[in-house]
Amino acid sequence: MNQTILYVAVGLATGVVGIIAGAVITNVVRKLQKDSANSDADKIRRDAERDAEHILRDARVSAKSETIKMREECENELRDRRREQSNTEKRLAQREEALDRRTNAVDEKIANLDKQEAQVSELRERLKNREQELAAEISKQIGELERISGYTREEAQTIILDKLRDEIRNESGLMVRAELEEARARCEQEAKRILTYAIQRYASDCTYERTTATIPLPNDELKGRIIGREGRNIRAIEAATGVSILIDDTPEAVVISCFDPVRKEVARQLMEKLITDGRIHPTRIEELAAKIAKELDEELFQVGEAAVLEAGIPGVPAPVMKMLGRLKYRYSFSQNVLKHSLETAYFMGMIAAELGLDEKKAKRIGLFHDLGKAMDHEIEGPHAQIGADFLRKHNEAKDVIHAVAAHHGELEPETLYDVLVMTCDTLSASRPGARSETTELYLKRLEQLETIAKDFPGVESCFALQAGREVRVVVTPEKVGEGEAQMLAKDICERIEKEMTYPGQIKVTIIRETRSVEYAK
C-alpha cells in the first residue's frame, strides 16, 4: 500500500514537473518566436517604406507627364474650336448679308404688288361700270327685240331651245342611223354566214304532230264496257294511270285528259291494249297498267340514252337520261321538245365550232336547256329554273347550269354560251314549220303589234306583215324628221321586246315620204 502511494506520489510529482517544464519551454519558445517576428517585421517595414518611396516617385513623374499631355490636348481642342467658331461667324455674316438682300427684294416686290393691286382695283371699277352700261344696253335691246318680235324673253328662249332640241335630235338620229346601218351590215353578214352554215348542215323534218288524247273505238258498244258496271272499270283506269277519262257523245271515241304526258301515254297504251284484247275488268286493268308503266320507264331511259349518244355527250348520269326520255312525250306549240332539244344541241355545236368555243359543252347545254319541261307539271316555277335545279342536284358544271337557267332571260347572261343557247333555242323554234299557233293567238299578236306602233306620236298608220314578222309604220313627214324616224323605230322595237312574247324577230320599218299631187284639167 505504501509502495503504491509512493508510486502514485512519484507519478504525480513527475507529471507536475513535466507540466512545469513544458510551460517553461513553451514560454521560452514563444519569446524566441516573438523576438524573431519583431526583427522580421522591422525588416519588412523598411522594405515597404523603401518600395513606397519608389512608387510615389514614379507616380509623381507619371502624373506630371500626363498633366502636360492633357494640357496640350486641351490647347489643341481649344484652338480648333476657335477656328471653327471663326468660320461659323463668317458664314453667319454671309447669310445675314444674303437675307438682307432678299429682304430688300421682297420689299420691292411688295411695293410693286401694292402698285399693281391699285391698278387692278381701278380696272375692276372700270369693268364694273362698263358691265352696268352693257347690261343697260342689253336690257334696252331686249326690250326693243320683244317689241319688234311680239315675244317675251322667256317665250323666245323656249322657241329657240325647242328648235335646237329638234335639230340635235334629228342630227343624232342621223348619226345613230348611219352607225347602226354600218354595224348591222357587218353583223348580219357574219351572222348569216354562220347560221346558213349551221342550218345547211342540219336538216330536219317539219313538225306538225300534235299531242292527242283521243282513242278511236271500233264501235260505240265498247264505251259501256269501258265504263263497266256502276263505273268500276273507268274508275280502275283512272286510279291506275292518274288520268281523267272523258266519254261523251262523240261517236266511236274516248278522250284522255292529263297534264302529265307520261301518264297520258300509259293510259293511251292501256286503252289500246284493252280495246284490242277485249278483256276489260279491274284486275286486268291493274296488271296491264303496271306492266305498261314498267316498260315505259325502260323505254324512257333508252330514248334518253339514244339522245345522249346521238348528240355525242359523254358522262351523263342515268337520272338525267331518263328525264330526257320523258321529253319524247312533251310538246310545245306542236313541236316535240326532245327533237327541239337535239336541234338546239346541233346548232350550238356547229356555231360554237365556228366561234372557237367548246363544242361538247355547247351541245350539252343545248340538249339540257329544256329539261325542266319534263317536270314543270309536277314542280311550280319556270321550266328553265326547274331544269337548272335538277342539273345542280346531279353535279352538273356551273356554267352549264347557268346557261340552262338563263336561256329565257330569267338571269343575266354571263358567258357566250348563255347568249348562244338563247339564239339556237329561237332558231330551232322559229324555223319554218317547227311550231304552229292557233288563229286566235296569231290574230291577237298582229293586233298587239299594230296597237303598240300606233301609240307613238306622229304615226299615221301601221300594218303587220309576213305573219307578224314585220311592222311597217307610216309617219307624217311634218311631225317626224329623217333622224327622228330612226329613233322612232328604235323606241318601237324596245317596247315590242318589253311587252310581247314572239318567236324569232320582228322587223320595224318606218316609212316617211312626201307626195305632191296635182290634176291636169
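A short note on a negative patch on the surface
Inference 1: On the surface, Glu66, Glu72, Glu73 and Glu75 cluster together into a patch of negative charge.
Inference 2: Position of Glu72 among the secondary structure elements: in helix 1 (residues 2-149).

Observations regarding the environment of Gly366
Inference 1: Here Gly366 shows up in helix 9 (residues 359-368).
Inference 2: For Gly366, a relative accessible area of 0% translates into the label buried.
Inference 3: Sequence-wise, Gly366 and Leu342 are 24 residues apart; in three dimensions their C-alpha atoms are separated by 7.2 Å.
Inference 4: Leaving out residues up to four positions away in the same chain, Gly366 has contacts with Ser341, Thr344, Ala345 and Met348.

As for unusual backbone geometry
Inference 1: With a phi angle near 55°, Glu230 is a residue other than glycine that sits in the positive phi range.
Inference 2: Relative to the helices and strands, Glu230 resides in the loop between helix 3 (221-227) and helix 4 (232-241).
Inference 3: Overall, Glu230 belongs to the exposed group, its relative accessible area being 72%.
Inference 4: The backbone phi angle of Asn395 is positive, close to 60°, even though this residue is not glycine.

Thoughts on the nonpolar core
Inference 1: Leu367, Phe368 and Leu371 are the most contacted members of the largest nonpolar core, which has 42 residues in total.
Inference 2: Considering each element in turn, this core owes the most residues, 10 residues, to helix 8 (residues 337-355).
Inference 3: Ile237, Ile280, Ile292 and Leu296 belong to the second-largest nonpolar core, a separate cluster that totals 27 residues.

Points about helix 8
Inference 1: The end-to-end C-alpha distance of helix 8, which contains 19 residues, comes to 26 Å, matching closely the 27 Å that a straight helix rising 1.5 Å per residue would cover.
Inference 2: Helix 8 sits mainly inside the fold: 15 of its 19 residues count as buried.
Inference 3: One side-chain oxygen of the residue at the start of helix 8 lies 3.1 Å from the amide nitrogen of Leu338, identifying that residue as Asn336.
Inference 4: Downstream of helix 8 by one or two residues, Gly356 has phi in the positive range, about 80°.

A look at the packing of helix 6 (residues 282-311) against helix 8
Inference 1: Orientation of helix 6 relative to helix 8, taken along the N-to-C sense of each, is 15°, at an axis distance of 10 Å. Taken together, the axis directions place helix 6 and helix 8 in an arrangement best described as roughly parallel. For the pair helix 6 and helix 8, the sense of crossing is right-handed. Contacts from Val303, Ala307, Glu310 and Ala311 of helix 6 reach helix 8 at Leu338, Leu342 and Tyr346.

Things to note about the pattern of salt bridges
Inference 1: A full pass over the atoms with the stated rule returns 16 salt bridges.
Inference 2: The partner of Arg83 in a salt bridge is Asp80, with the nearest N and O atoms 2.9 Å apart. Of this pair, Arg83 and Asp80 both sit in helix 1, separated by 3 residues, roughly a single helical turn.
Inference 3: For Asp80, a relative accessible area of 42% translates into the label partly exposed.
Inference 4: Arg392 is the partner of Asp389 in a salt bridge, and the nearest nitrogen-oxygen pair spans 2.8 Å. With Asp389 and Arg392 both in helix 10 (residues 383-393) and 3 residues apart, this pair spans about one turn of that helix.
Inference 5: Given a relative accessible area of 31%, Asp389 falls into the partly exposed group.
Inference 6: Residue class for Arg392 comes out partly exposed when judged on its relative accessible area of 44%.

As for the sheet that holds strand 6 (residues 459-465)
Inference 1: Spatially, 3 strands are ordered 6-7-8 in an open sheet, and the strand pairing comes out mixed. Edge positions in the sheet fall to strand 6 and strand 8 (507-511), since each has one partner strand and no second. The sheet shows a mean angle of 20° between the axes of neighbouring strands, taken without regard to direction.
Inference 2: Sitting on the sheet, helix 14 (residues 482-499) is in contact with strand 6, strand 7 (470-475) and strand 8, with an inclination near 150° to strand 8.

Details of the side chain of His407
Inference 1: Of note, His407 is situated in the loop between helix 11 (398-405) and helix 12 (416-430).
Inference 2: Engagement of the side chain of His407 in a polar contact is seen with the backbone oxygen of Val404, the distance being 2.7 Å.
Inference 3: A distance of 3.3 Å separates polar atoms of two side chains, one belonging to His407 and the other to His408.
Inference 4: Excluding residues within four positions of it along the chain, His407 makes contact with His369, Asp370, His383, Ala384, Val421, Met422 and Asp425.

Observations concerning a nonpolar patch on the surface
Inference 1: Side chains of Ile160, Leu161, Leu164 and Ile168 sit close together on the surface and give an oily, nonpolar patch of about 380 Å² of accessible area.
Inference 2: Tracing the sequence through the fold places Ile168 in helix 2 (residues 153-201).

Details of the confidence of the model for the chain
The predicted coordinates of low-pLDDT regions are not to be read in fine detail.
Inference 1: Scored by pLDDT, the chain has a mean of 80; 85% of the residues are at 70 or more.
Inference 2: Taken as a whole, residues 203-212 scores under 50 in pLDDT and shows 19 contacts with residues more than four places along the chain or in a different chain.

Cut-off values and rules
Residues numbered from 1 in each chain as written. Predicted model: local features only at pLDDT ≥ 70, side-chain atom pairs only at ≥ 80, totals over all residues. Heavy atoms only, no water. Patch = residues over 30% accessible without salt bridge, like charges linked within 9 Å, V, L, I, M, F, W, Y side chains within 5 Å. Areas by Shrake-Rupley, 256 points an atom, 1.4 Å probe, with all protein chains shown as cover. Salt bridge = Lys/Arg side-chain N within 4 Å of Asp/Glu carboxyl O. Lys, Arg positive; Asp, Glu negative; His and termini not counted. Charge placed at Lys NZ, Arg CZ, Asp CG, Glu CD. Helix = DSSP H or I, 4+ residues; strand = E, 2+ residues; numbered from the N terminus. Buried < 20%, exposed > 50% of the residue type's maximum accessible area, 1.4 Å probe, protein only. Contact = heavy atoms within 4.5 Å. Core = buried A, V, L, I, M, F, W, Y, C linked by side-chain atoms within 4.5 Å. Expected span 1.5 Å × (residues − 1). Polar contact = N/O pair within 3.5 Å; in protein donor to acceptor, adjacent residues only side chain to side chain. Axes fitted to C-alpha atoms, helices over the stretch in contact; angles between N-to-C directions. Parallel < 35°, antiparallel > 145°, perpendicular 65-115°, else oblique. Left-handed = near helix turned anticlockwise from the far one by under 90°. Pairing = 2+ DSSP bridges. pLDDT = per-residue confidence, 0-100.

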